[in-house]
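As a plain string of letters, each chain reads:
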Amino acid sequence: MLLRRFGLVRVMGAAAYTIGALAMLGLVGARAWPLAIGVPVLAGVTLAYVRWSDAAPRAAVAVSLAVDAAVLAGAIAFIGGTGSGLVMLFSIAVVSAGILLGRSAALAFTVVTAVLALGQLMAEEVWDVRPVLLAPPVAGERRMILMLSLAGLLSVGYLSATYASRLHDLIAIAGAEADRSRGLGRRRRAFVEQTVLDARVPLEGIEDIADALDDPAGQLPAGERPRIAARLRVLAAQLDTKIETLGQAGALGAVQHRPEPVLLQRVVDDCLTALETVLAEHRVEVDVPALRALGERRAIRRAVLSVLENVAVHTPPGTRAHVTAVADAGQAVLVVTDDGPGIPDAQAEALFEAGEGQPLHVGLPLVRELCESMGGSVRYERAPSGGSRFMLALRLAPRDAPGDDEPAGREGSEAATR
């Protein structure tokens, strides 16, 4: 942004120089020709900068500042020479280089302008070049004034280099924060737009269950109650997530509820029960020990459901999937592995991003939002079989932590094949 706005500064600076050069031509006539030469030079460089700054902003700034230093050298030689103290005008180029290009550029322009000043002194003493306006002091005084001016110029260069480094660090931090805010805004728009559509799915599921229960002619099998209960819990988790998404004005998916121990066995069972239809032609092996994750139960169910939905939708019938969980470094890590076709590397890099202009899909991006809001994370890697492996890492709850989601008649770890 600073590099782009420098174009306006160039235009204003070139205009000010042109006005000053024209005024000097009116006062001293043709003797002001060194100043007059700078007018078309600055105009040409300014036009070139406006044209090329978008394509190569740093190079355009460096070239234009070098030209500015050369024009200033001509102006200094014309007005007062090295004995006038006008060498300090070079600090304009030095400070600009530090602000726009950083520490190295400030140091480089300090050296370049000091060489130009010494070159002017040589021209005055060897070739007897004299300024037009100000009376030149004697040689000894001229050298003393130049040394003092160079000391000031070096001080300006040192300060510019020192503070330019910090300034560019702050600019980088601000840029990263701006990118993060823009990315969050894009994800929020994508989530909200898709949520309005997706909210109909759990509502329709709840209505179907209500119709089945309300049918006077229907007979509810004895073993159907647990399945209906599991499906209702998953539908509640889905609907809760949609409401949470629409209600969040900041980070989407942020969990506002008090964390609680959640049994991963129960979560996986509920999600597989809800996905029985879409996973009917897949072979899902479950080996989840009795681990409890610390989080919000509906958010955890929604995250696990999205990962399992990804297996159902993006792998062909007959795909084998394995669901397990491990305790690692204070985290409960749920691992879902399949032997499907996997995900191309180019797509895997943006797997959890909801970019603007891309097809709206809140599944995996929302998994990341939910996991991060509970202090966890989600990661993808290619499985050894060539398929996909998703790892949801959440905070591990103590083994004896109280919880009210323990299924009746279930103890210890369990292995099942669906």
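Before reading further, recall that the structure is shown in the block above.
Here we summarise the structure given alongside this text.

Basis of the calculations
- Residues numbered from 1 in each chain as written.
- Predicted model: local features only at pLDDT ≥ 70, side-chain atom pairs only at ≥ 80, totals over all residues.
- Heavy atoms only, no water.
- Helix = DSSP H or I, 4+ residues; strand = E, 2+ residues; numbered from the N terminus.
- Buried < 20%, exposed > 50% of the residue type's maximum accessible area, 1.4 Å probe, protein only.
- Contact = heavy atoms within 4.5 Å.
- Areas by Shrake-Rupley, 256 points an atom, 1.4 Å probe, with all protein chains shown as cover.
- Phe/Tyr/Trp six-rings, centres within 6.5 Å; stacked < 30°, edge-to-face > 60°.
- Expected span 1.5 Å × (residues − 1).
- Polar contact = N/O pair within 3.5 Å; in protein donor to acceptor, adjacent residues only side chain to side chain.
- Salt bridge = Lys/Arg side-chain N within 4 Å of Asp/Glu carboxyl O.
- Patch = residues over 30% accessible without salt bridge, like charges linked within 9 Å, V, L, I, M, F, W, Y side chains within 5 Å.
- Core = buried A, V, L, I, M, F, W, Y, C linked by side-chain atoms within 4.5 Å.

1. A short note on the overall build of the chain
And step 1. What the chain contains, in helices and strands, is twelve helices and eight strands.
And step 2. With 418 residues in all, the chain has 43% of them scored as buried.
And step 3. The contacts in the chain between residues at least 6 apart in sequence include a share of 77% that link residues at least 24 apart.
And step 4. Carbon and sulfur atoms make up 61% of the accessible area of the chain, which totals about 21,800 Å².

2. As for the packing of aromatic side chains
And step 1. Inspection of every chain in the model, using the stated rule, returns three aromatic pairs.
And step 2. Plain terms: the ring middles of Phe352 and Phe390 are 6.4 Å apart, the flat faces sit at 90 degrees to each other, and that makes the pair edge-to-face. In this pair, Phe352 is assigned in the loop between helix 11 (345-348) and helix 12 (363-373) and Phe390 in strand 7 (residues 388-396), connecting sequence segments 38 residues apart. For the residue pair Phe352 and Phe390, the accessibility class agrees, reading buried in each case.

3. Remarks on helix 10 (residues 297-314)
And step 1. The terminal C-alpha atoms of helix 10 lie 26 Å apart, and with 18 residues this matches the ideal 26 Å at 1.5 Å per residue to within 8%.
And step 2. Most of helix 10 is tucked away: 14 of the 18 residues are buried.
And step 3. Near the N-terminus of helix 10, the side chain that reaches the backbone nitrogen of Arg298, with its oxygen 3.1 Å away, is that of Glu296.

4. Considerations on helix 4 (residues 91-101)
An α-helical segment advances 3.6 residues per turn. Residues three or four places apart therefore align on the same side.
And step 1. The element helix 4 is extensively covered by neighbouring structure, given that eight of its eleven residues are classed as buried.
And step 2. Within helix 4, the full set of buried residues consists of Ser91, Ala93, Val94, Ser96, Ala97, Gly98, Leu100 and Leu101.
And step 3. Two residues or fewer past helix 4, Gly102 is found with a positive phi of approximately 110 degrees.

5. Concerning the environment of Gly295
And step 1. Tracing the backbone through its elements, the reader meets Gly295 in strand 3 (residues 292-295).
And step 2. We classify Gly295 as buried; its relative accessible area is 3%.
And step 3. Expressed as a C-alpha distance, the spacing of Gly295 and Pro261, which sit 34 residues apart in the sequence, is 6.5 Å.
And step 4. Excluding residues within four positions of it along the chain, Gly295 makes contact with Arg258, Pro259, Glu260, Val262, Ile300 and Met374.

6. Quick look at the pattern of salt bridges
And step 1. In the structure shown here, the tally under the stated rule is 14 salt bridges.
And step 2. A salt bridge links Glu381 to Arg379; the shortest N-O distance between them is 3.2 Å.
And step 3. Taking the relative accessible area as the measure of exposure, Arg379 reaches 46% and is therefore partly exposed.
And step 4. Salt bridges linked by common partners bring Glu124, Glu125, Arg142 and Arg143 together as one network.

7. Examining the side chain of Thr82
And step 1. Note that Thr82 resides in the loop between helix 3 (57-79) and helix 4.
And step 2. Assessed through its relative accessible area of 0%, Thr82 is described here as buried.
And step 3. Within the structure, Thr82 has its side chain in polar contact with the side chain of Glu124 (distance 2.6 Å).
And step 4. For Thr82, the residues in contact, after removing those within four places along its chain, are Val87, Ala117, Gln120, Leu121, Glu124, Arg142, Ile145 and Leu146.

8. Things to note about a nonpolar patch on the surface
And step 1. Taken together, the side chains of Val95, Ile99, Leu167 and Ile171 make up a nonpolar region of the molecular surface, amounting to roughly 260 Å² of accessible area.
And step 2. Going through the elements one at a time, helix 4 and helix 6 (139-198) are the ones with two or more residues in the nonpolar patch.
And step 3. Turning to its location among the elements, Ile99 is positioned in helix 4.
And step 4. On the basis of relative accessible area, Ile99 is assigned to the partly exposed category, the value being 37%.

9. Quick word on the nonpolar core
Nonpolar side chains tend toward joint burial in soluble globular proteins.
And step 1. With 43 residues, the main nonpolar core has Ile300, Val304 and Leu392 as its most contacted residues.
And step 2. Sort the elements by how many residues they give to this core and helix 10 lands first, with nine residues.
And step 3. Setting aside its immediate chain neighbours within four residues, Val304 contacts Val267, Val268, Cys271, Leu334 and Leu392.
And step 4. Counting residues in hydrophobic clusters, the runner-up holds 24 residues, among them Leu65, Val94, Ala117 and Leu146.

10. Some remarks on the environment of Arg283
And step 1. Looking at the secondary structure, you find Arg283 in strand 2 (residues 283-288).
And step 2. We classify Arg283 as partly exposed; its relative accessible area is 39%.
And step 3. Each C-alpha atom, one on Arg283 and one on Arg320, is 4.8 Å from the other, the two residues being 37 residues apart in sequence.

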